[in-house]
Amino acid sequence: MRDDGSVTSSTPGPRIPAPSAPRLIATDLDGTLLRDDKTVSPRTVAALAAAEKAGIEVFFVTGRPARWMDVVSDHVHGHGLAICGNGAAVVDLHGGPGQHRFVKIRELAVPDALAVVRILRAAAPGTSFAVERTGGLHHEPTYPPLHVEPGESVAPAEKLLGEEAADPNAADVTDQPVLKVLAYHPELGPDAFLALARTAIGDLAAVTRSSPSALLEISARTVSKASTLELCCRERGISPAEVVAFGDMPNDMEMLAWAGTSYAMGNAHPDVLTAATGVTGTNNEDGVARVIEQLLAARATA
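Residues numbered from 1 in each chain as written. Predicted model: local features only at pLDDT ≥ 70, side-chain atom pairs only at ≥ 80, totals over all residues. Heavy atoms only, no water.

> Looking at this structure, how should I read the overall build of the protein chain?
Tallying secondary structure elements over the protein chain gives 10 helices and 13 strands in all. Taking the intrachain contacts of the protein chain between residues at least 6 apart in sequence as the baseline, contacts between residues at least 24 apart amount to 59%. Working note: accessible area of the protein chain is about 12600 Å², and carbon and sulfur atoms make up 54% of it. (Helix = DSSP H or I, 4+ residues; strand = E, 2+ residues; numbered from the N terminus. Contact = heavy atoms within 4.5 Å. Areas by Shrake-Rupley, 256 points an atom, 1.4 Å probe, with all protein chains shown as cover.)

Below is the structure:
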């Protein structure tokens, strides 16, 4: 145990050298930057601040919605932007908790969302759905209470998406863009459900997952962490070769493959280990911080 309370890793250091002059660090949150208790360790806080001070931009790239970003709002520097919803939104975190501002929205068209619901109802009977809009999450009665939130609507997905008449007593949220549809199956294994859904849905929408349960996250066809990160980098004149990325789950794989240098966490899904160019320690071992520290040390001696 270190003096700052962080855990010293017993696993080997990063498997490959990182670029000597990266311009941007892109990191997932859950299972990657955050410890299992959903906190950011003192060591990681210090590493993020040091990277920004050295002129390296840090982007949080997560499946979380904007309203769940309070856990890292105190640790944004410079631009203050984060990519949320697996690439469906770019959010300015400068306002602090509850004051996040959408900068870019890449919505899932309602006709496509409805088609996805119909396809999965037929391909995987028993699937229940939730709809993530810019204003919050709304779900079917059979969708498990994974995250109870205020202001949520409960109705069949077709009503939540506006195809059927909604409850006149419920708030109308159909004017809010759809960021993603979530699909949960109570019996299928997570990877089996993902494979089935990708086959059934084809190129109509992007399907991925980040949960240990059979919970799929479905976005517009061209939306992913990678594609939105690429847009943000292009605006800054940053090439993939100048990006170092970190992740642990299938929703990180495109981003890890796109970045010039990428690290799977020691706790990563097996498929993610093959997508990344290197491996670092686990999220509980400050694996991201360890790489950042090495990057900065290499720059200091270059």
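> Is there a simple way to explain the sheet that holds strand β2 (residues 57–61) in this structure?
The strands making up a sheet associate through hydrogen bonds between their backbones, and the pairing can be parallel or antiparallel. Read from one edge to the other, the open sheet built from 8 strands follows the order β5-β4-β3-β2-β1-β11-β12-β13, with strand pairing classed as mixed. Whereas interior strands pair on both sides, the edge strands pair on one side only; in this sheet they are β5 (101–105) and β13 (278–279). In the sheet, strand β1 (residues 24–27) pairs with β2 via 4 bridges, with the strands oriented parallel. Bridging across to β2, Ala26 finds its partner in Phe59. (Pairing = 2+ DSSP bridges.)

> What is the right way to read the nonpolar core from this model?
Generally speaking, soluble globular proteins have nonpolar side chains that are buried together. Ranked by internal contacts, the top residues of the largest apolar core, which has 29 residues, are Leu120, Ile201 and Ile218. Of all elements in the fold, only α4 (110–123), β6 (128–133), α5 (157–160), β8 (178–184), α6 (190–201), β9 (205–208) and β10 (215–220) reach the threshold of two or more residues within this core. Once residues within four sequence positions are removed from consideration, Leu120 is found in contact with Pro125, Thr127, Phe129, Ala183, Ala197, Ile201 and Ile218. Grouped together as the second largest cluster of nonpolar side chains are 28 residues, Ile25, Leu29, Ala66 and Ala82 included. (Core = buried A, V, L, I, M, F, W, Y, C linked by side-chain atoms within 4.5 Å. Buried < 20%, exposed > 50% of the residue type's maximum accessible area, 1.4 Å probe, protein only.)

> Even after reading the chapter, I still don't get the environment of Ala51, so can you show me in this structure?
Structurally, Ala51 is set in helix α2 (residues 42–53). With 29 residues separating them in the primary sequence, Ala51 and Pro22 have C-alpha atoms 10.0 Å apart. Not counting residues up to four positions away in its chain, the partners in contact with Ala51 are Ile25, Ile56, Val58, Ile292 and Leu296.

> What is the right way to look at the sheet that holds strand β7 (residues 136–139) in this model?
Pairing is antiparallel in the open sheet, where 5 strands are placed in the order β7-β6-β8-β10-β9. The sheet is open, and its two edges are formed by β7 and β9, each paired on a single side. Sheet twist, expressed as the average angle between the axes of neighbouring strands with direction ignored, equals 25 degrees. With 4 bridges joining them, β9 and β10 adopt antiparallel strand pairing. Residue pairing across strands places Ala206 opposite Ser219, the latter belonging to β10. Contacting β8, β9 and β10, α6 crosses the sheet at an angle of about 170 degrees to β9. (Axes fitted to C-alpha atoms, helices over the stretch in contact; angles between N-to-C directions.)

> Help me understand helix α7 (residues 225–236), please; the structure alone is not making it clear to me.
Counting along an α-helix, one turn takes 3.6 residues, and residues three or four places apart therefore face a common direction. In this model α7 runs 17 Å from its N-terminal to its C-terminal C-alpha over 12 residues, within 8% of the 16 Å that 1.5 Å per residue would give. Taken residue by residue, α7 has Lys225, Ala226, Ser227, Thr228, Leu229, Cys232 and Cys233 as its buried positions. The secondary structure elements touched by the buried residues of α7 are β1, β2, β3 (81–84), β4 (89–92), β11 (243–247) and α8 (253–258). One side-chain oxygen at the N-terminal end of α7 lies 3.2 Å from the backbone nitrogen of Ala226; it belongs to Ser224. (Expected span 1.5 Å × (residues − 1). Polar contact = N/O pair within 3.5 Å; in protein donor to acceptor, adjacent residues only side chain to side chain.)

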